[in-house]
Amino acid sequence: MTISIERKQQVILGLSIFLSLSAIACYSFDGRETQWVWQKAPMVAIGLMLLAFFFIRTWLHLELEKQKNQILQAFEASEKNAQDNFYTLLSSREIEVLKLISAGKSNKEIASTLYVALSTVKTHINNIYKILEVKNRREVLEKLQKVVREG
């Protein structure tokens, strides 16, 4: 049985509150006078407070772990969405180049169709490769087919 982080945090927070209150509020009554635990046995009170601080530190560690996991999950989800929706990352010219690549055009044919220099086409293609995280035209076409299949 695995205990969730939230449950661990609840137990630890409860213990730390109990220990803190015990160090401050416990008293003894001997019939004549009331003495607080920190008056009668200051080392016990200090020990209880140190233990409470230890539990609070553990609680904070678990909270940081939980927050880190949430941030990581959100980042991974946004990365996946960005990769799946790569058209939003491409410029309009890069999309034009991508369409011509998918039509089977060569770099020279793309340059003449778009009335740009061959080096400009190569720059656009390199940007497309980086954004799509691919290495060649075959991988670009595979990625486009995958996007079309998934809708």
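Cut-off values and rules
- Sequence positions are assigned chain by chain, starting from 1 and proceeding in written order.
- Where totals are concerned, whole chains, interfaces and linings use all residues; where local detail is concerned, this predicted model gives features only for residues with pLDDT of at least 70, and gives and counts side-chain atom pairs only at 80 or more.
- Excluded from the side-chain calculations are hydrogens and water; all other atoms, namely the structure's heavy atoms, are used.
- Only DSSP runs of H or I covering at least 4 residues are called helices, and only runs of E covering at least 2 are called strands; the numbering of each starts at the N terminus.
- To sort residues, take the accessible area from a 1.4 Å probe on protein chains only and compare it with the maximum for the residue type: under 20% means buried, over 50% means exposed, and anything in between is partly exposed.
- Pairs of residues are marked as contacts when any of their non-hydrogen atoms sit within 4.5 Å.
- Areas reported here follow the Shrake-Rupley algorithm with a probe of radius 1.4 Å; residue values treat only the protein chains shown as occluding.
- Here a salt bridge means any side-chain nitrogen of Lys or Arg lying within 4 Å of a carboxyl oxygen belonging to Asp or Glu.
- The patches described consist of residues with a relative accessible area above 30% and no salt bridge, like charges being joined within 9 Å and nonpolar side chains (Val, Leu, Ile, Met, Phe, Trp, Tyr) within 5 Å.
- Each nonpolar core is a collection of buried residues, namely Ala, Val, Leu, Ile, Met, Phe, Trp, Tyr and Cys, held together in the definition by side-chain atoms within 4.5 Å.

What about the overall build of the protein chain?
Turning to step 1, where the next piece is worked out: The helix and strand tally for the protein chain stands at 7 helices and 2 strands.
Turning to step 2, where the next piece is worked out: N-terminal to C-terminal, the α/β element order of the protein chain is α-β-β-α-α-α-α-α-α.
Turning to step 3, where the next piece is worked out: Across the 151 residues in the protein chain, those meeting the buried criterion constitute 24%.
Turning to step 4, where the next piece is worked out: Looking at the protein chain alone, contacts between residues at least 24 apart form 54% of all its contacts between residues at least 6 apart.
Turning to step 5, where the next piece is worked out: Working note: accessible area of the protein chain is about 10900 Å², and carbon and sulfur atoms make up 61% of it.

Thoughts on the pattern of salt bridges
Turning to step 1, where the next piece is worked out: Overall, the coordinates contain 3 salt bridges when judged by the stated rule.
Turning to step 2, where the next piece is worked out: Among the salt bridges present, the one from Glu-63 reaches Lys-66, with a minimum N-O distance of 3.4 Å. Taken together, the positions of Glu-63 and Lys-66, both in helix 3 (residues 42-84) and 3 residues apart, correspond to about one turn of that helix.
Turning to step 3, where the next piece is worked out: A relative accessible area of 17% places Lys-66 in the buried class.
Turning to step 4, where the next piece is worked out: The partner of Glu-142 in a salt bridge is Arg-138, with the nearest N and O atoms 2.8 Å apart. Of this pair, Glu-142 and Arg-138 both sit in helix 7 (residues 137-150), separated by 4 residues, roughly a single helical turn.
Turning to step 5, where the next piece is worked out: On the basis of relative accessible area, Glu-142 is assigned to the partly exposed category, the value being 41%.

A word on a nonpolar patch on the surface
Turning to step 1, where the next piece is worked out: On the surface, Met-43, Ile-46, Leu-50, Phe-53, Ile-56 and Leu-60 cluster together to form a nonpolar patch covering roughly 620 Å² of accessible area.
Turning to step 2, where the next piece is worked out: By the secondary structure assignment, Leu-60 is in helix 3.
Turning to step 3, where the next piece is worked out: With relative accessibility at 44%, the residue Leu-60 sits in the partly exposed group.

Describing the nonpolar core
One recurring pattern in soluble globular proteins is that nonpolar side chains are buried together.
Turning to step 1, where the next piece is worked out: Counting 19 residues, the largest nonpolar core has Phe-86, Leu-90, Val-97, Leu-98, Ile-110, Leu-132 and Val-140 as the members making the most contacts within it.
Turning to step 2, where the next piece is worked out: Mapped onto this core, the elements with two or more residues apiece are helix 4 (92-102), helix 5 (107-114), helix 6 (118-132) and helix 7.
Turning to step 3, where the next piece is worked out: In terms of residue count, helix 6 provides more of this core than any other element does, 6 residues in total.
Turning to step 4, where the next piece is worked out: Other than its neighbours up to four places away in sequence, Phe-86 contacts Leu-98, Ile-131, Leu-132, Lys-143, Leu-144 and Val-147.
Turning to step 5, where the next piece is worked out: Within the second largest apolar cluster, 5 residues are counted, among which are Leu-19, Ala-52, Phe-55 and Leu-62.

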